[in-house]
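Summary of the model geometry
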Amino acid sequence: MEVDTVQCVASVSKDANTIPAEFIRSVNEQPGVTTFHGPGPEIPLIDLANTNRDQIIDEIVKASREWGIFQVTNHGIPPVVIQELQRVGKKFFELPQKEKEKVAMVPGRLEGYGSKLTNKQQGTKNWVDFLFHNIWPQSQINHAFWPDNPPDYRHVNEEYTKYLVPLVDQLLEYLSLGLRLDANVLKEASGGDNLRFLLKINYYPPCPCPDLALGVPAHTDMSAITLLVPNEVQGLQVFKDDHWINARYIPNAIIVHIGDQIEILSNGNYKGVLHRTTVTKDETRISWPVFCQPPEDMVVGPLPQFVSDEIPAKYKAKKYKDYQYCKLNKIPQ
């Protein structure tokens, strides 16, 4: 199947020095108007090599309550593993269109290569193409959606996953302990060993009018948590204190987003981060988020420890697939 892509639009737009009208955001969304440029707060940076574990937990709790996002260094993933992940992902998007379409998305599946342009959905379009595929647990992997080209794509992604899984366990443990819960509570409530890791590669080509368009508009992630590797091109913005603030690029750091499911489980003690992605005129931004999410039939709701007569449940308990359906279709939860 042939895929309409932003990469194709970008190559045509480059010569025209303009972009199609369907990519132009309303004024209250345009990054040229809404980005905060003054000196402002920075997304918290947390060193996981700190020997004072209580201090790490305190920093994670503060960041997850106030920001819903933080960056971690000394996280145990070797720099070369991150660089290889970036190399093979970039290489895939530089392949000829026909080659990329070998792993094109199919209707009814979330995995594969595609672009929102194929959905013909109403509203403003996003300046991004993407590749989705599950990377963990093994039972959820379908290699039909993993590129064969570049040839070492599979090995590189398996190597990254090997380091990522224990890091997610560690972060969920710290998030649990920070709420005065047993260490395993948030992981178990998110799916335990069946917690699913869905990798997405976002590819944002250069855009002639970056002040008017967005790669991805404002949203929170549906996941429990998301761990993201960016490339060096600025693009991630976080909404904090009524401002859109640029996330500083820190080489080899991993960006951690609190997702909707952790917000729900904690009954709002931790908050999912509202974020968006901008694009640039001359450079390609690429990011590698991994969405750690419950199995489809898992029911997620506020944990009983956070619900009382004084503090009622702020969210309804529901199966993750029902939550997903409502969110994707903009139906009130």
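Residues numbered from 1 in each chain as written. Predicted model: local features only at pLDDT ≥ 70, side-chain atom pairs only at ≥ 80, totals over all residues. Heavy atoms only, no water.

The next thing to look at is the layout of surface pockets. Of the voids in this model, the second largest pocket is the one considered here, and its volume is about 250 Å³. In terms of lining, the second largest pocket is formed by 13 residues, of which the most central are Ala 10, Lys 14, Pro 206, Cys 207 and Lys 281. Element by element, the count of residues in the lining of the second largest pocket is highest for helix H1 (residues 6–16), at 4 residues. Taken together, the residues of the lining of the second largest pocket sort by class into 6 nonpolar, 4 polar and 3 charged. (1 Å grid on protein atoms, 1.4 Å probe; cavity = no way out; pocket = protein on both sides within 12 Å on 5 of 7 lines; lining within 4 Å. Points joined across faces, edges and corners; volume = space filled by probe spheres on them. Helix = DSSP H or I, 4+ residues; strand = E, 2+ residues; numbered from the N terminus. Nonpolar A, V, L, I, M, F, W, Y, C, P; charged D, E, K, R; others polar.)

Here the focus is the UniProt feature "domain: Fe2OG dioxygenase" (unreviewed entry) in the protein. In the numbering adopted here, UniProt assigns the feature "domain: Fe2OG dioxygenase" (unreviewed entry) to residues 194–294. Annotated as residues 194–294, this span is 6% helix and 45% strand, and its ends, taken at the C-alpha atoms, are 7 Å apart. (UniProt positions renumbered as here; feature names shortened; annotations may be inferred.)

What follows is about the sheet that holds strand E8 (residues 236–240). Strand order in this open sheet of 4 strands is E6-E11-E8-E9, and the pairing throughout is antiparallel. Each edge of the open sheet is held by one strand with a lone partner, namely strand E6 (216–219) and strand E9 (243–246). Between one strand axis and the next, the sheet turns by 25 degrees as a mean value, whatever way the strands run. Here E8 pairs with E9 via 4 bridges, running antiparallel. Bridge pairing links Lys 240 to His 243 in E9. (Pairing = 2+ DSSP bridges. Axes fitted to C-alpha atoms, helices over the stretch in contact; angles between N-to-C directions.)

Within strand E10 (residues 254–258), 5 of the 5 residues are buried, leaving the element largely enclosed by the surrounding structure. On E10, burial covers both faces: Ile 254, Val 256 and Ile 258 on one face and Ile 255 and His 257 on the other are all buried. In this structure, strand E2 (residues 69–73) lies alongside E10, joined through 4 bridges in antiparallel fashion. Its bridge partner being in E10, Gln 71 is matched across the sheet by Ile 255. Both strand E7 (residues 225–230) and E10 contribute to a ladder of 4 bridges, which runs antiparallel. (Buried < 20%, exposed > 50% of the residue type's maximum accessible area, 1.4 Å probe, protein only.)

Turning next to the pattern of salt bridges. Summed over the entire model, instances satisfying the criterion amount to 17 salt bridges. Ionic pairing is found between Glu 94 and Lys 90, a salt bridge with its closest N-O pair at 2.9 Å. Judged by its relative accessible area of 42%, Lys 90 is partly exposed. The closest approach of N and O atoms between Asp 193 and Lys 187, which form a salt bridge, is 3.3 Å. Classification of Lys 187 by relative accessible area gives buried; the value is 18%. (Salt bridge = Lys/Arg side-chain N within 4 Å of Asp/Glu carboxyl O.)

What follows is about the packing of aromatic side chains. The geometry of two aromatic rings is summed up by the distance between their centres and the angle between their planes. In this structure the tally under the stated criterion is 8 aromatic pairs. Judged by centre distance (5.7 Å) and plane angle (80 degrees), the rings of Phe 92 and Tyr 113 are edge-to-face. Residue Phe 92 is found in helix H4 (residues 79–93), and its partner Tyr 113 is found in strand E3 (residues 112–115); the two are separated by 21 residues along the sequence. Ring centres of Phe 93 and Tyr 203 lie 4.7 Å apart, and the angle between their planes is 10 degrees; on these two criteria the pair is classed as stacked. Residue Phe 93 is located in helix H4, and its partner Tyr 203 is located in strand E5 (residues 196–204); the two are separated by 110 residues in the primary sequence. Among the aromatic residues, ring-to-ring pairing joins Phe 92, Phe 93, Tyr 113 and Tyr 203 into one connected group. Above the face of the Trp 67 ring, Lys 240 is positioned so that its terminal group lies 5.1 Å from the ring centre. (Phe/Tyr/Trp six-rings, centres within 6.5 Å; stacked < 30°, edge-to-face > 60°. Lys NZ or Arg CZ within 6 Å of the ring centre and 35° of its normal.)

What follows deals with empty space enclosed by the protein. Considering all chains together, one arrives at 1 cavity of 30 Å³ or more under this definition. As a volume, the largest cavity reaches approximately 90 Å³. Partitioned by chemical class, the residues of the lining of the largest cavity number 8 nonpolar, 4 polar and 2 charged.

Tracing the sequence through the fold places Pro 150 in the loop between strand E4 (129–136) and helix H6 (153–178). C-alpha separation for the pair Pro 150 and Lys 91, spaced 59 residues apart in sequence, amounts to 6.8 Å. In contact with Pro 150, other than residues within four places in its own chain, are Val 88, Lys 91 and Phe 92. (Contact = heavy atoms within 4.5 Å.)

Okay, helix H3 (residues 53–66) next. For H3, spanning 14 residues, the distance from its first C-alpha to its last is 20 Å, which sits close to the expected 20 Å at 1.5 Å a residue. Taken together, the buried positions of H3 are occupied by Ile 56, Ile 57, Ile 60, Val 61, Ala 63 and Ser 64. Where H3 is buried, its residues meet strand E1 (45–47), E2, H6 and E10. If you check the start of H3, you find a side-chain oxygen 3.2 Å away from the backbone N of Asp 54, and it comes from Asn 52. Just downstream of H3 lies Gly 68, where phi reads positive at about 80 degrees. (Expected span 1.5 Å × (residues − 1). Polar contact = N/O pair within 3.5 Å; in protein donor to acceptor, adjacent residues only side chain to side chain.)

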